[in-house]
Amino acid sequence: MSARPDRTPLPRPFFGRPVLTVAPDLLGRTLVRRTPDGPIELRITEVEAYEGESDPGSHAYRGRTARNASMFGPPGHAYVYFIYGMWFSLNLVCGPPGHASGVLLRAGEITLGADLAAKRRVSARYPRELAKGPARLATALDVDRSLDGTDLCGGPDSPLSLLAGIPTSPDLVSSGPRTGVSGAGAAHPYRFWITHDPTVSPYRAHAPRRRST
């Protein structure tokens, strides 16, 4: 008989640790998204860590801006950004206030509210595809910039929170280069995922976007 996920909310000190400690520890945790239509829950299966101003792959590498302000803390908040003019991505802010580190949620398994997620992810052919990739995850959970800065430790009325779930054993965690990152930050092995989980997204190296002529 499999263990039931722990429903205990994770406290702020969980997020206040170094980002490379928090990132693999997020695997197997339960993310709760409370929407006007009902809750959606996600078992986190894939993440990417970003170390902030010391990390060339991070949005905070060149300092604080209006776009990335949420990354500078305090920990336990959401950082949501818009990319390619089409998609949103959800990050969890980690580390001490002012450090600007965070973890991108790349993929997960919808464990509650799959019908609500499917209404937003109409192109998904199978349940495992509902949140397979960061843009799909954000779409399935109805995440946009209005949730930027949301406090995940804000209690049961917060639109986002993180529960203890079932932490993944370290021997079931794989790591490798981040997906689609270019330049000096491309080779950092800061992507972590649950080995062989069917919801994990495929690795893709960065491909420069072609300019139209």
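Here the structure is a predicted model, which means the values were calculated and not measured.

With that settled, the discussion passes to the overall build of the protein. Looking only at helices and strands, the protein has 4 helices and 9 strands in total. Along the protein, from the amino end to the carboxyl end, the secondary structure elements read β-α-α-β-β-β-β-β-α-α-β-β-β. Computed over C-alpha atoms, the radius of gyration of the protein comes to 16 Å, within 12% of the 17 Å expected from 2.2 N^0.38 for 213 residues, which places it in the range of a compact globule. Dimensions of the protein, computed from C-alpha atoms along their principal axes, come out at roughly 50 × 40 × 35 Å. A total of 213 residues make up the protein; the buried ones form 47% of that total. Summarising the internal contacts of the protein: among those between residues at least 6 apart in sequence, 63% fall at separations of at least 24. If you sum the accessible surface of the protein, you get close to 10700 Å²; carbon and sulfur atoms cover 55% of it. Seen as two clouds, the 26 positive and the 19 negative side-chain charges of the protein have centres 7 Å apart.

One non-glycine residue with positive phi stands out, namely A100, at about 65 degrees. Mapped onto the fold, A100 is located in the loop between β5 (87–94) and β6 (101–112). Here H196, not a glycine, exhibits a phi torsion of approximately 65 degrees, which is positive. On the secondary structure map, H196 appears in the segment after β9 (191–194). Residue classification places H196 among the exposed positions, given a relative accessible area of 76%.

Our next topic: the pairing of strand β7 (residues 160–165). Among the 6 residues of β7, 6 are classified as buried, and the element is accordingly described as predominantly covered. Pairing between strand β2 (residues 30–35) and β7: 4 bridges, direction antiparallel. Across the sheet, the residue bridging to T30 is L163, located in β7.

Attention shifts here to the packing of aromatic side chains. By the definition in use, this model includes 3 aromatic pairs. With a centroid separation of 5.5 Å and an interplanar angle of 40 degrees, the aromatic rings of Y79 and Y81 are classed as tilted. On the accessibility criterion, Y81 (9% relative accessible area) is buried. An angle of 35 degrees between the planes, with centres 4.7 Å apart, marks the rings of F82 and F88 as tilted. Classification of F88 by relative accessible area gives partly exposed; the value is 24%. The lysine or arginine in question, R17, covers the ring of F14, its NZ or CZ lying 4.5 Å from the ring centre. Sitting over the ring of W193, R191 keeps its end group 4.2 Å from the ring centre.

Approximately 150 Å³ is the volume attributed to the second largest pocket. Elements with a contribution of two residues or more to the lining of the second largest pocket: β3 (38–50) and β6. Of the residues contributing to the lining of the second largest pocket, the split by class is 3 nonpolar, 4 polar and 3 charged.

Each value, and the rule that gives it
- Residues numbered from 1 in each chain as written.
- Predicted model: local features only at pLDDT ≥ 70, side-chain atom pairs only at ≥ 80, totals over all residues.
- Heavy atoms only, no water.
- Helix = DSSP H or I, 4+ residues; strand = E, 2+ residues; numbered from the N terminus.
- Rg over C-alpha atoms; globule rule 2.2 N^0.38 Å.
- Buried < 20%, exposed > 50% of the residue type's maximum accessible area, 1.4 Å probe, protein only.
- Contact = heavy atoms within 4.5 Å.
- Areas by Shrake-Rupley, 256 points an atom, 1.4 Å probe, with all protein chains shown as cover.
- Lys, Arg positive; Asp, Glu negative; His and termini not counted.
- Charge placed at Lys NZ, Arg CZ, Asp CG, Glu CD.
- Pairing = 2+ DSSP bridges.
- Phe/Tyr/Trp six-rings, centres within 6.5 Å; stacked < 30°, edge-to-face > 60°.
- Lys NZ or Arg CZ within 6 Å of the ring centre and 35° of its normal.
- 1 Å grid on protein atoms, 1.4 Å probe; cavity = no way out; pocket = protein on both sides within 12 Å on 5 of 7 lines; lining within 4 Å.
- Points joined across faces, edges and corners; volume = space filled by probe spheres on them.
- Nonpolar A, V, L, I, M, F, W, Y, C, P; charged D, E, K, R; others polar.

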